[in-house]
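Each chain, letter by letter, is given below.
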Amino acid sequence: MKHFYTILLTLLFFSAITSAQNNHFNVHESPNYRDQFRSTFILNVYTTKDNTTNVIARKSKTNLVFETFDNQAKGKKMLSVKVHKKERFVGELFYNNLVRIFMVESPNKKERLLHCYTYNIDDNTSTKTTLLQTEVKKKSSLFSGRNKRQTNFSISPNNKFIAIATDIEKKNSNSYNINVYDAATLSLNYSKSYYANPDKYYQSSDMIVDDNAVVYNVGKEYFKGRRERKNAKANYSYVVTKVDKKTIKTGIIELNKEEYIKNLSLSFLGNKLKLIGYYSEDKVFGIKGVISIALDKNSLKISDKKNQKLPIKVFEDLYGYRKAKNKKNSELTSFTLDYMLEDELGNTYLVAEEFYITQTYISNGMNGGTYVTTYHYDDLLITKLDKEGNLLWGRSIFKRSNEPSYNAFLNNGKLHVLLNSGKNLTAKKDGRLKVSKGWFESTSLYVFLYDKEGNVTHQKIQDNKGKTTYIPFRGSYANGKFVMYNHSKSKKKLMILECK
């Protein structure tokens, strides 16, 4: 009866949806409705091949929720699936009208279980399959960079194979396994140990699997110990590993004397591998510019390598045109890569956000005091490279926020950055545009739109009032539509931004 009531509410909510217009989107916003699930974090949005049905997958504390709606935004079906409260989302796949959601369960401090929840859009049913059961170092994660020994999860471009790399970390061991599954049947295709060296510390950086179930992994192999730098040089080289059913092959990417690379991301380009990241010449985790490396897929030998400094426009956006010339040779710090987006022409967009934590001591007089921790989600760094790895342009958004606030996606060759800011953006005398909220200022939802040459325009989508505040960070984009919820449970609303 409870599920019937929820479905009825959903149908009523979608059938009453309203629309609005602006220059970049057709904006659809639902009226208020009551939702039994508190979470507003959308795992992904999917559209069927016939483009008639859309599916939202989201997770609450103890449920996976699947909601379907048509192109007129009228609700059709809803299904909730119970999950363990210690299950965490790690990946997703849409395959022949089947939505697959991959979750890691942590029943205790060491045991980890990888589950796949499959939702059938046609008959509104779900099944659960456990793909992997393994042990990790106490309290470590399987697919997160929170622990220094990072492991990976990847899906092939043709959506036929799923690759999983797990770290076998024991007292005197330092090894990784690869497990490759058939995405249609979830059966194990092959399993292989691809790295084992008890003497050298290894940190996986990224992994991809191709349409023939061949896995490529890149990671740092440290020369001695675990420090990033020794004797004023990087204490590591990058190792690229190629794994298939029969063979394992490795290649080495050695760094120059004054060259530090925090992470490298992998992608395919014809018969080559593209590796892209940020490099530093001074700080272990600083950003001097963008590095792009091309490797032959078979020999794993470098065919091209480019280190390109950040354009001066990045510093003008951050510091203003007066200070930019003095800042252009400095390095940015505390930035984390959030998005690596690739368009149909092979161009790559990198979007990183500045994140750091501060603590302030607040005195309570004779009763002592306490430390207040503040999280900073500040400036955005945006760069675009062509398929050969040439840096085409770089921009920044001068931003201040104390919570995750933005999302980025590509549509029609343009980069869209959605975020909330103060009701009125502040144009400074030095040419900067400040994106922040004042103490008593209300907020508005904006889109920053970058064309192919890096020229930017921005437009207000709506003024936020009360329960109408939407957080783009928790939304998701697919097939020309960006979907997000507001944060109210009793007055839940859905917004759909349909790209024009």
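Up top you'll find the structure we're talking about.
Cut-offs used in this document
Residues numbered from 1 in each chain as written. Predicted model: local features only at pLDDT ≥ 70, side-chain atom pairs only at ≥ 80, totals over all residues. Heavy atoms only, no water. Pairing = 2+ DSSP bridges. Helix = DSSP H or I, 4+ residues; strand = E, 2+ residues; numbered from the N terminus. Axes fitted to C-alpha atoms, helices over the stretch in contact; angles between N-to-C directions. Salt bridge = Lys/Arg side-chain N within 4 Å of Asp/Glu carboxyl O. Buried < 20%, exposed > 50% of the residue type's maximum accessible area, 1.4 Å probe, protein only. Core = buried A, V, L, I, M, F, W, Y, C linked by side-chain atoms within 4.5 Å. Contact = heavy atoms within 4.5 Å.

Colleague: Honestly, the sheet that holds strand 8 (residues 98-105) in this entry has me stumped. Any pointers?
Modeller: Strand-to-strand pairing in sheets goes through backbone hydrogen bonds, with the strands running parallel or antiparallel. Strand order in the open sheet formed by 4 strands is 7-8-9-10, with antiparallel pairing between adjacent strands. The sheet is open, and its two borders are formed by strand 7 (87-95) and strand 10 (125-135), each paired with just one other strand. Shown here is a sheet whose adjacent strand axes are inclined to one another by a mean of 20°, direction ignored.

Colleague: What exactly am I supposed to notice about the pattern of salt bridges here?
Modeller: Side chains carrying opposite charge are able to pair once their charged atoms draw close together. Enumeration according to the criterion identifies 13 salt bridges in this entry. Between Glu259 and Lys305 there is a salt bridge, with its nearest N and O atoms 3.0 Å apart. With a gap of 46 residues between them, Glu259 in the loop between strand 20 (248-253) and strand 21 (260-261) and Lys305 in strand 25 (residues 302-309) connect regions that are remote in the sequence. Since its relative accessible area comes to 29%, Lys305 is described here as partly exposed.

Colleague: Can you help me understand the nonpolar core in this one?
Modeller: What tends to happen in soluble globular proteins is that the nonpolar side chains get buried as a cluster. Judged by nonpolar contacts, the single largest core of 23 residues is most densely connected at Tyr238, Val240, Leu264, Leu273 and Leu275. At the level of elements, strand 16 (215-222), strand 19 (236-243), strand 21, strand 23 (272-280) and strand 24 (289-296) are the ones that each hand at least two residues to this core. Residue contacts for Leu273: discarding those within four places in its chain leaves Ile208, Tyr216, Val240, Leu266, Ser267, Phe268, Ile293, Ala294, Leu295, Lys297 and Leu300. Listed in part, the 19 residues of the second largest apolar core include Tyr339, Leu380, Leu415 and Tyr450.

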